[in-house]
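These are the residues of each chain, in order.
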Amino acid sequence: MRTTFLCDFDGTVAPSDIGAALVRRFTPGGAGRGRALLAGWRSGTVGHRELTEAESAMMRVTEAEALAFTRGFGLDPHFAGFAGDALERGDRVLIVSEGFEFYIRDQLDRAGLGALPLAANRARFEGDRLIPSFPHGDSSCGRCGNCKAQHVRSARAAGDHVVLVGDGLSDRCAAEIADTVLARDGLLAWCRERGIAAHPFVDFAGVAAFARHAAGAAGAAPGLRRHAYR
Ligand SMILES: [Mg+2]
Ligand SMILES: [Zn+2]
């Protein structure tokens with residue numbers, strides 16, 4: 001059975017939350033209002049789409065300034081190796097993000113991973129205004145801008161075993177229904193609270209080892225792969 005790895009970007013494929021850093025860097029005097037919004041997002045009263053729209057309205061940044069800033073960050077140094085192994089086994093790797101496509105695509109291109117599929121929100125720049133759009137908006141979830149649960153459902157509809165790799169709030173809708181969850185930080189704590197089985201990971205060296213082990217277990221015992229994963 002083929003596996004689809006749905007990988008969160010900010011805080012996962014990129015160890016830093018680049019999107020959050022971008023908002024902090026380019027929101028003039030907006031720290032107070034930004035904090036209230038973030039508190040609402042963490043407590044569940046504000047959805048991620050609403051958060052992104054409100055944050056974007058407060059930001060003042062040109063596309064060139066944004067890219068110059070995000071290029072100060074990079075990917076987990078083990079991610080390329082993990083992705084290469086997975087593709088060689090015939091598995092799929094898809095980046096799913098509530099961040100913006102422009103800086104994620106730029107980061108992937110610069111790491112030689114420009115061919116990896118990516119589903120994220122979009123940004124259009126008009127001078128120093130950033131205007132967000134949500135091409136992956138999903139009517140079954142009124143909160144997310146790019147609900148990751150839809151990507152779990154479509155990979156499963158293609159017959160794949162779906163592994164979610166993530167760290168945060170934006171991964172919750174997917175974590176609830178993925179076949180396997182690899183989690184760290186807030187997502188790991190939340191899965192434990194909710195009784196959702198989740199394997200902790202530290203970085204993509206660990207994710208790669210987990211994936212190789214699971215693939216080996218599947219090879220040794222066909223039909224038991226799902227069980228082996230859990
Ligand atoms: Mg994240
Ligand atoms: Zn959702």
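On a predicted model such as this, the values are computed, not experimentally measured, just so you know.

(A) Layout of the overall build of the protein chain. Assigned secondary structure in the protein chain consists of eleven helices and seven strands. By the compact-globule yardstick of 17 Å for 230 residues, the protein chain fits well, its C-alpha radius of gyration being 18 Å. When the backbone C-alpha atoms are referred to their principal axes, the protein chain occupies close to 60 × 35 × 30 Å. The 230 residues of the protein chain split such that 40% are buried. Within the protein chain, residue pairs in contact and separated by at least 24 positions form 57% of the contacts whose partners lie at least 6 positions apart.

(B) A look at the environment of Gly 44. Within the element layout of this structure, Gly 44 appears in the loop between α2 (31-43) and α3 (48-58). Under the C-beta neighbour-count criterion, Gly 44 is labelled exposed, with 10 such atoms within 10 Å. The spatial distance from the C-alpha of Gly 44 to the C-alpha of Gly 112 is 37 Å, given a sequence separation of 68 residues.

(C) Fine view of the nonpolar core. If you look at the biggest cluster of nonpolar residues, it comprises 53 residues, and the most contacted ones within it are Leu 6 and Leu 164. Residues within four places of Leu 164 in sequence aside, it is in contact with Leu 6, Val 152, Asp 171, Ala 174, Ala 175, Ala 178, Val 181 and Leu 182.

(D) Representation of the confidence of the model for the protein chain. Here the protein chain averages 93 in pLDDT, while 93% of its residues score no lower than 70. Every residue in residues 220-230 is under pLDDT 50, and counting partners more than four places away or in other chains gives 17 contacts.

(E) Representation of the packing of helix α1 (residues 18-25) against helix α4 (residues 63-70) within the structure. The geometry of α1 relative to α4 is characterised by a closest axis approach of 10 Å and an angle of 125 degrees between their N-to-C directions. One element, α1, and the other, α4, form an angle in the oblique class. By crossing handedness, the relation of α1 to α4 is classed as right-handed. Between α1 and α4, the residues in contact are Ile 18, Leu 22 and Arg 25 and Ala 66, Phe 69 and Thr 70, respectively. Its residues assigned to classes, the contact of α1 with α4 comprises four nonpolar, one polar and one charged.

(F) Geometry of helix α7 (residues 148-157). Considered for burial, the residues of α7 that qualify are Lys 148, Ala 149, Gln 150, His 151, Val 152 and Ala 155. At the C-terminal side of α7, Gly 159 shows a positive phi close to 95 degrees.

(G) Quick peek at the environment of Ala 20. Assignment of secondary structure puts Ala 20 in helix α1. Residues Ala 20 and Leu 113, spaced 93 residues apart in sequence, show a C-alpha to C-alpha distance of 23 Å.

(H) Structural view of unusual backbone geometry. In this model, Asp 185 sits at a positive phi of 55 degrees, which is unusual for a non-glycine residue. Of note, Asp 185 is situated in helix α9 (residues 185-194).

(I) Quick look at the environment of Ala 149. Here Ala 149 lies in helix α7. Taking C-alpha positions, Ala 149 is 20 Å from Ser 43, a pair spaced 106 residues apart along the chain. In this structure, Ala 149 is in contact with Cys 141, Cys 173, Ala 174 and Ile 177, ignoring residues within four places of it in sequence.

Procedures and definitions
- Residues numbered from 1 in each chain as written.
- Chains lettered and ligands numbered in written order.
- Predicted model: local features only at pLDDT ≥ 70, side-chain atom pairs only at ≥ 80, totals over all residues.
- Helix = DSSP H or I, 4+ residues; strand = E, 2+ residues; numbered from the N terminus.
- Rg over C-alpha atoms; globule rule 2.2 N^0.38 Å.
- Buried ≥ 20, exposed ≤ 12 C-beta atoms within 10 Å, placed from the backbone.
- Contact = placed C-beta atoms within 7 Å.
- Core = buried A, V, L, I, M, F, W, Y, C linked by C-beta atoms within 7 Å.
- pLDDT = per-residue confidence, 0-100.
- Axes fitted to C-alpha atoms, helices over the stretch in contact; angles between N-to-C directions.
- Parallel < 35°, antiparallel > 145°, perpendicular 65-115°, else oblique.
- Left-handed = near helix turned anticlockwise from the far one by under 90°.
- Nonpolar A, V, L, I, M, F, W, Y, C, P; charged D, E, K, R; others polar.

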